[in-house]
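Each chain, written out:
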Amino acid sequence: MEDSVIENMPANIKTTRLSVFEDSKQASDYVALQIATLIRERQKEGKNAILGLATGSTPKGVYEELVRMHQHEGLSFENVITFNLDEYYPIEPHDEQSYTWFMNQYLFSHVNINPHNIHIPHVTGPENHVKNYCDEYENKIKAKGGIDLQLLGIGRNGHIGFNEPGSCFDSVTRLINLHPVTRNDAQVYFGGIENVPKQAVSIGMSTISQARNILLLALGPAKSEIIKQAIDGPITPDVPASILQSLPQAQYIFDKNAAALL
């Protein structure tokens with residue numbers, strides 16, 4: 001850990017909840033190890049590991065390391081049940097920009113997880129069907145006893161999942177209008193802003209907050225400003241990730257570039 005990077009961190013976070021690594025690979029490997037440790041502990045107990053998973057560029061290294069551990073260290077995913085944070089709406093699951101495609105590409109197709117244990121909030125059809133779908137998704141999480149470990153990234157506007165600025169802290173899984181910053185950041189992947197969906201389904205702030213362990217991973221200098229706001233600033237719906245300050249089960253894992261302004 002880089003003490004010089006974190007010397008001004010609030011004491012409670014600095015001493016117990018923050019890990020800063022030299023580079024993105026070290027940070028990603030650390031997160032993967034936390035996930036693998038949970039999976040193995042649950043296996044010894046004869047229980048399932050309930051994982052909340054994220055997408056985007058940030059967790060790719062985590063999934064790469066988990067795949068390596070599966071292929072070379074015998075890490076089994078037979079007892080793993082996953083719930084992804086979010087998905088664009090509308091989008092087809094075979095679309096290369098869908099998070100359904102992403103998860104299959106970077107993790108699920110490379111490990112021995114039971115397909116019935118994979119849950120991604122993908123819904124098609126008219127918008128009036130979405131509310132019932134979201135309620136069902138929320139109920140599935142509750143039926144499994146809640147999430148053991150939630151992996152999070154953070155958007156440049158402070159969103160976690162697609163809980164955009166202004167999201168209520170008591171929110172649950174729902175359809176969300178995407179913030180202009182979020183859509184602008186996504187346009188490079190969609191070939192232009194006109195192709196970026198305007199809505200998404202996302203697990204809510206309350207659902208995230210109830211996870212028994214939460215790992216917020218942030219990498220690179222582009223995240224440094226919002227990380228400073230999320231950790232040093234007030235707890236406010238204007239910066240949804242700031243809620244993690246109040247959650248003792250939340251850990252922050254950064255590379256030194258993401259932590260540069262702390």
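Here, the structure is the one placed above.
Fair warning: this is a prediction, and the values are worked out from it, not measured in the lab.

Right, let's get into the overall build of the chain. Scanning the chain from terminus to terminus reveals nine helices and ten strands. Computed over its C-alpha atoms, the radius of gyration of the chain comes to 17 Å, within 12% of the 18 Å expected for a compact globule of 262 residues. Taking the principal axes of its C-alpha atoms as reference, the chain extends roughly 50 × 45 × 35 Å. For the chain, with 262 residues in total, the buried portion stands at 54%. Entry remark: accessible area of the chain is about 11,600 Å², with carbon and sulfur atoms responsible for 49%. Charge centroids of the chain, computed over 21 positive and 30 negative side chains, lie 4 Å from each other.

This next bit is on the environment of Ile 226. By secondary structure assignment, the location of Ile 226 is in helix H9 (residues 224-232). Not counting the four nearest positions on each side in its chain, Ile 226 is found in contact with Ile 154, Gly 155, Arg 156, Asn 157, Gly 158 and Val 239.

Moving on, we get to helix H5 (residues 99-106). Taken together, the buried positions of H5 are occupied by Tyr 99, Thr 100, Phe 102 and Met 103. Along the axis of H5, the buried residues cluster in a sector spanning 160 degrees; they form a single face. On the buried face of H5, the contacting elements are strand S2 (49-53), helix H4 (60-73), strand S3 (80-84) and strand S4 (86-89).

On to the state of the cysteines. For the coordinates displayed, the defined rule picks out zero disulfides. Free cysteine Cys 134: the closest other cysteine sulfur is in Cys 168, separated by 15 Å. On the basis of relative accessibility, which here comes to 48%, the residue Cys 168 falls in the partly exposed class.

Taken as a whole and judged by the stated rule, the model has ten salt bridges. One salt bridge in this structure joins Asp 135 and Lys 131, with 2.8 Å as the shortest N-O distance. You can see Asp 135 and its partner Lys 131 sitting in helix H6 (residues 130-143), four residues apart, about one turn around the helix. Residues Asp 232 and Lys 228 are paired through a salt bridge, measuring 3.1 Å at the closest nitrogen-oxygen approach. Residue Asp 232 and its partner Lys 228 are located together in helix H9, separated by four residues, close to a single helical turn. Overall, Asp 232 belongs to the partly exposed group, its relative accessible area being 35%. We classify Lys 228 as partly exposed; its relative accessible area is 31%. Through salt bridges with shared partners, a single ionic network connects Arg 42, Glu 45, Asp 148 and Arg 212.

Here the focus is the sheet that holds strand S1 (residues 18-21). Read across the open sheet, the seven strands follow the order S1-S10-S9-S6-S2-S3-S5; overall the sheet is parallel. Only two strands of the sheet have a single neighbouring strand rather than two, namely S1 and strand S5 (118-119). Bridge count between strand S6 (residues 149-152) and strand S9 (residues 213-218): four bridges; the pairing is parallel. Residue pairing for S9: Leu 149 is matched across the bridge by Asn 213. Sitting on the sheet, H6 is in contact with S3 and S5, with an inclination near 150 degrees to S3.

Cut-off values and rules
- Residues numbered from 1 in each chain as written.
- Predicted model: local features only at pLDDT ≥ 70, side-chain atom pairs only at ≥ 80, totals over all residues.
- Heavy atoms only, no water.
- Helix = DSSP H or I, 4+ residues; strand = E, 2+ residues; numbered from the N terminus.
- Rg over C-alpha atoms; globule rule 2.2 N^0.38 Å.
- Buried < 20%, exposed > 50% of the residue type's maximum accessible area, 1.4 Å probe, protein only.
- Areas by Shrake-Rupley, 256 points an atom, 1.4 Å probe, with all protein chains shown as cover.
- Lys, Arg positive; Asp, Glu negative; His and termini not counted.
- Charge placed at Lys NZ, Arg CZ, Asp CG, Glu CD.
- Contact = heavy atoms within 4.5 Å.
- Arc of directions from axis to C-beta.
- Disulfide = S-S within 2.5 Å.
- Salt bridge = Lys/Arg side-chain N within 4 Å of Asp/Glu carboxyl O.
- Pairing = 2+ DSSP bridges.
- Axes fitted to C-alpha atoms, helices over the stretch in contact; angles between N-to-C directions.

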